[in-house]
Amino acid sequence: MPDYSIYVLDESDVTITGTSGGNGLDGVTQGDGSHLVGATITINTPNWTEIFVTDSDDPNFQDSDNSQTLNGPQEVDGVTYSGGQRVEAEYGFTVSYTDPGTGVTSTWQLIGFNVNEGGTSYATVEGIAVIGGPGGFPPAGVPLTVTSAQEGPNYAATSYATPICFAADTPVETGEGLTTMGEVAIGDRIRVADWRLVPVRWVGRSIFAADGAFAPVRIARGTLGTTQDIEVSQQHRILVTGWQAELMFGETEVLVPAIALVNDTSVRLRRGGRIEYIHVLFDGHELIETGGLVSESLHPGPMALEAVQGAARMELERLFPDLTHAERPLCRPALRRVEAQVLAADPVAVS
C-alpha cells in the first residue's frame, strides 16, 4: 500500500520562458533550480495528477532519498514508469504573482518532481508539486515569476497541496434558508450536522478543468443519504456511519475521502467541462449536511494558512492566530484512502 501521495503537474502542462543554463525544468548543469530564477512559469492546464509513493524510512517527500519509490506503475508527463522507480523532490523554488487589479502579491512554494532513472538525475525533472495543504494550488493562466530557488527540499508529505472542497452548486442550509455553496459569504451562518448554526469565517474559490485529480466525485441521489446528485472534490471527506464502519474500523462514524468510495455505479468520477470548488472555514472542524450528504468543512490545521495567499492569508492570520502553532482536532476519526476502499467494495456500505 502507498505511504502517501503527491499531486504533480506534468511539465507539458506548463509554459516556461526565460530560463538560464537549463532546458525547462531540467537542471542540465545543476540540480538546485537556480536556472529558473527570473523565469516565468504559466500553468496552462491544471491537470494535477495524484502520484502514489512508498517511503520506507520517513513521512517526508524530499531530495536525495533512495527510499521514495513509485507504488505501482504510474504515468508522469506522458511516460509510464514501473513500480519501484525512485522519485524525489529535486529542488525547491518560489514563485510570485501580483494581481494588476488589486496590487496584491501572492507567493507559492513549489518543488521540481523527478523520476530518477539513473545517470544525472537533475537533468530529467518531469513536473512540479506545491507546498500548500488543502486547496493550495497556484492559479492557471497567469505568469508566475520565479523569485528564488533552493537546494535539498525536505517537506512532510502532508504539507503538499491537495484539493478538498464542495462544488459551487451544492445546496446548503443557512440561517436565512436554503442556498448553494457558491452563494455563501463570510459571516453567513451554516447549519452544521448537529443543527447548530455556525458562522463562516473564510470562503475560498477555485475553478479547474474537471479532469485528472480535479474531476469531481459525483454521489448519486439516494446514496449515503443524498436527496439529489452531489459533487465534491476527490479528497473531500464524507461521513460514513453504521455497523460496517464499526465492524471494520472500531468506530461508529468515520470520515472517508470521496475518491475511496468510487464504485463506478452509485459513486463515480465526473470528467469533462469545468468545476468550481468552494472551501469554507469555521472556528473548528465541522460536519455539514448538503443535500442529505454529511461531509467535512475545511480542516483548520497548521497547513490551512498555506492554502491561501495574499490579502486572504493576512485575513486568516488575524482570524486564526494559532493556526500555524497547533493542530486542531478532526471532528471524527479519518480513514486513509487505502483503508476506506474496503467500504467502497461493500455495496451495502455505500448505499
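Located above this text is the structure these notes cover.
> Give a detailed account of the overall build of the chain, specifying residues and quantitative values.
Broken down by element type, the chain carries three helices and 27 strands. The buried share of the chain, taken over its 351 residues, is 51%. In the chain, the share of contacts with a sequence separation of at least 24, taken over all contacts with a separation of at least 6, comes to 65%. Of the accessible surface of the chain, which amounts to about 14300 Å², a share of 49% is contributed by carbon and sulfur atoms.

> Quick rundown of unusual backbone geometry? Include the residues and the values.
A positive phi angle, near 55°, is found at serine 64, a position not held by glycine. On the secondary structure map, serine 64 appears in the loop between strand E5 (60–62) and strand E6 (68–70). Classification of serine 64 as exposed rests on a relative accessible area of 60%. In this model, leucine 224 sits at a positive phi of 55°, which is unusual for a non-glycine residue. By secondary structure assignment, the location of leucine 224 is in the loop between strand E20 (217–219) and strand E21 (230–232).

> Kindly report on the pairing of strand E4 (residues 49–55), identifying the contributing residues and their values.
Pairing of strand E1 (residues 4–10) with E4 involves five bridges; the strand directions are antiparallel. Across the sheet, isoleucine 6 pairs through a bridge with isoleucine 51, a residue of E4. As judged from the three bridges shared by E4 and E6, these two strands associate in the antiparallel manner. In the sheet register, aspartate 55 faces E6, and the bridge partner there is glutamine 68.

> Please provide a residue-by-residue account of the environment of alanine 210, values included.
Mapping alanine 210 onto the fold places it in the loop between strand E19 (202–209) and E20. Separated by 60 residues in the primary sequence, alanine 210 and arginine 270 place their C-alpha atoms 7.3 Å from one another.

> Explain the pattern of salt bridges to me, and be specific about the residues and the numbers.
Here the idea is simple: oppositely charged side chains can pair when their charged atoms come close. Taken as a whole and assessed by the stated rule, the structure comprises six salt bridges. The partner of arginine 218 in a salt bridge is glutamate 231, and the shortest N-O contact between them spans 2.7 Å. In this pair, arginine 218 sits in strand E20 while glutamate 231 sits in strand E21, placing the two residues 13 residues apart along the sequence. Of the residues examined, glutamate 231 reaches a relative accessible area of 9% and is grouped as buried. Put simply, glutamate 296 and arginine 237 hold a salt bridge, and the shortest N to O gap is 3.0 Å. Of the two residues, glutamate 296 is situated in strand E27 (residues 293–296) and arginine 237 in strand E22 (residues 237–241); the sequence distance between them amounts to 59 residues. The exposure classification of glutamate 296 matches that of arginine 237, with both residues buried. Each of the salt bridges in this network shares a partner with another, and the network as a whole consists of Arg218, Glu231 and Arg270.

> Give a detailed account of the environment of aspartate 77, specifying residues and quantitative values.
Tracing the chain through its elements places aspartate 77 in the loop between strand E7 (74–76) and strand E8 (79–81). Each C-alpha atom of the pair aspartate 77 and valine 125 lies 9.8 Å from the other, and the pair is 48 residues apart in sequence. Leave out the neighbours within four places in its chain, and aspartate 77 touches Asp10, Glu11, Ser12 and Glu126. A distance of 2.7 Å separates polar atoms of two side chains, one belonging to aspartate 77 and the other to serine 12.

> Give me the pairing of strand E16 (residues 177–180): which residues, what numbers.
In terms of strand pairing, strand E15 (residues 171–174) meets E16 through four bridges, oriented antiparallel. Across the sheet, the residue bridging to proline 171 is threonine 180, located in E16. Between the end of E15 and the start of E16, which pair antiparallel, lie two residues.

> An account of the packing of aromatic side chains is requested, with residue identities and associated values reported.
Counted according to the given criterion, the structure contains six aromatic pairs. Here the aromatic rings of tyrosine 4 and phenylalanine 61 are separated by 6.4 Å at their centres, their planes lie at 80°, and the arrangement is edge-to-face. One end of the pair, tyrosine 4, is in strand E1; the other, phenylalanine 61, is in strand E5, and 57 residues separate them in sequence. Take tyrosine 4 and phenylalanine 61: they sit in the same class, and that class is buried. Centre to centre, the rings of phenylalanine 61 and phenylalanine 113 are 5.7 Å apart; their planes meet at 20°, and the pair counts as stacked. On the criterion of sequence distance, the pair formed by phenylalanine 61 in strand E5 and phenylalanine 113 in strand E10 (residues 105–116) is long-range, its members being 52 residues apart. We note that phenylalanine 61, like phenylalanine 113, is buried. Cluster of aromatic residues (ring-pair linked, three or more members): Tyr4, Phe61, Phe113, Tyr155 and Tyr160.

> I'd like a description of the environment of serine 148, backed by residues and values.
Relative to the helices and strands, serine 148 is located in strand E12 (residues 144–151). Here serine 148 falls in the partly exposed class, since its relative accessible area comes to 26%. Separated by 53 residues in the primary sequence, serine 148 and valine 95 have C-alpha atoms spaced 7.5 Å apart. Contacts of serine 148, omitting those with residues within four sequence positions, involve Val37, Phe93 and Thr94. For serine 148, the side chain forms a polar contact with the side chain of glutamine 150, separated by 3.1 Å.

Scoring rules and cut-offs
- Per chain, residues are indexed from 1 in the order of the written sequence.
- Confidence filtering applies because this is a predicted model: local features only for residues at pLDDT of at least 70, side-chain atom pairs given and counted only at 80 or more, and all residues used for totals across whole chains, interfaces and linings.
- In computing side-chain values, all of the structure's heavy atoms are included and hydrogens and water are not.
- Numbering of helices and strands runs from the N terminus, with a helix taken as a DSSP run of H or I at least four residues long and a strand as a DSSP run of E at least two residues long.
- Three exposure classes are used, based on accessible area relative to the maximum for each residue type with a 1.4 Å probe and protein chains only: buried under 20%, partly exposed in between, and exposed over 50%.
- Whether two residues touch is decided by their heavy atoms; if any such pair falls within 4.5 Å, the residues are in contact.
- Accessible surface area values rest on a Shrake-Rupley calculation with a 1.4 Å probe, where residue burial reflects the displayed protein chains alone.
- In this description, strands pair whenever DSSP reports at least two bridges between them.
- We count a salt bridge whenever a side-chain nitrogen from Lys or Arg sits within 4 Å of a carboxyl oxygen from Asp or Glu.
- Polar contact criterion, stated in full: a pair of N or O atoms within 3.5 Å, where within protein one must be able to donate a hydrogen and the other to accept it, and residues adjacent in sequence count only if both atoms are side-chain atoms.
- Stacked, edge-to-face and tilted are the three classes for Phe, Tyr and Trp ring pairs, Trp counted by its six-membered ring, which pair at centre distances within 6.5 Å; planes under 30 degrees apart are stacked, over 60 edge-to-face, the rest tilted.

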